[in-house]
Amino acid sequence: MIHYGAALSHPDPAYPRVCVPLETLAANELVEIWESDSPVDSGRSGRIQYSTNGSVTFGALSCLDSDTVNLETQTREAYKEVFEFLGKLGCPHLLRVWNHLSEINREQDRLERYRAFCKGRFEAFRDCNPFFERSLPAATAVGSQQPGLCMHFLATSEPGTAQTNPRQIDAWDYPESYGPRSPSFSRAMLKNWGDRQQLYIAGTASIVGHETAHKGDIRKQVQETLTNIRALEFPSTAPSLWKVYLRHRDDLSVVQEILAEELEATGRVIFLHADICRVDLLVEIEAIFNA
Ligand code: 3EB
């Protein structure tokens, strides 16, 4: 169970819980529950809290900011711990990762914290697989109200297929002007479960090519983001869950209004208050599509 915002008044002890330190907008208590038809084993390994049915693993890890270890190193070590754990478990393929990082836009040791995070994450992926770019998970990287880094992830025994977006260059191929190492994620991951398919769409923003479009204009940023999401190839139009991250609480009603027109009530929408990884981005939207 992933739980957003304030403490739950009636936590269900049947579900291991991961708490995402973000304020929920337009809802008080919000939980997301991932279920499996086959028996699930839950536990802890090092810093990782996990649940697995053998072919699908859900896990979480968080680390507080440290006075002695910088964010880049913390991130690299956290990712390496995840890779090692998943390898041993037989679920080495990361499908989807959510990263929450406090003060994501703050400069620290002359590098924006998001960029330091990207550097550590890149090094962990590269050290684990020299051809990692083609198999990167779909991801989200947004702010957090808890100091440090927390991540949760979905991994599988059989890989998904990374997707590209024709309107955006691959994030791992961004020019150096966005930081010393590119963000390591795919625009979307397509997973074939045998009898059905799912498309896990990464956090998507108002970025065309590699540049931010519509600086300062929330309406246009939402429209551009939806156009980006629609550019991903997928046979179905049945999204089950949308997550919308807003930098400014006050933008909620405008964004709700646009989404009500554009999404025609397909799927549930969760609104969260979070900083976005580029200072000029006001909104980021992710989704899961089912077929
Ligand atoms: C972008 O397209 C917007 O660093 O993991 C979106 C999703 C973004 C994931 C990440 C960053 C990440 O570059 C930002």
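In this report, the structure presented in the accompanying data block is examined. (Residues numbered from 1 in each chain as written. Predicted model: local features only at pLDDT ≥ 70, side-chain atom pairs only at ≥ 80, totals over all residues. Heavy atoms only, no water.)

**What about helix H1 (residues 71-89)?**
In this model, H1 (19 residues) spans 27 Å end to end at C-alpha, consistent with the 27 Å of a helix rising 1.5 Å per residue. Among all positions of H1, only Leu 71, Glu 72, Thr 73, Gln 74, Thr 75, Ala 78, Tyr 79, Val 82, Phe 83, Phe 85 and Leu 86 are buried. In this structure, the buried residues of H1 make contact with strand S5 (41-45), strand S6 (48-52), strand S7 (56-63), strand S8 (93-102), helix H2 (113-128) and strand S12 (149-156). At the C-terminal side of H1, Gly 90 shows a positive phi close to 85°. (Helix = DSSP H or I, 4+ residues; strand = E, 2+ residues; numbered from the N terminus. Expected span 1.5 Å × (residues − 1). Buried < 20%, exposed > 50% of the residue type's maximum accessible area, 1.4 Å probe, protein only. Contact = heavy atoms within 4.5 Å.)

**Some points on the pattern of salt bridges**
Summed over the entire model, instances satisfying the criterion amount to 20 salt bridges. Measuring nitrogen to oxygen at the nearest pair gives 3.8 Å for the salt bridge that ties Arg 219 to Glu 257. Of this pair, Arg 219 sits in helix H3 (residues 218-230) while Glu 257 sits in helix H4 (residues 252-263), and the two are 38 residues apart along the sequence. Take Arg 219: its relative accessible area is 41%, and that puts it in the partly exposed class. For Arg 230, the salt bridge identified is with Glu 262, shortest N-O distance 3.2 Å. (Salt bridge = Lys/Arg side-chain N within 4 Å of Asp/Glu carboxyl O.)

Everything listed here is a matter of coordinates, which is why it stays silent on function.
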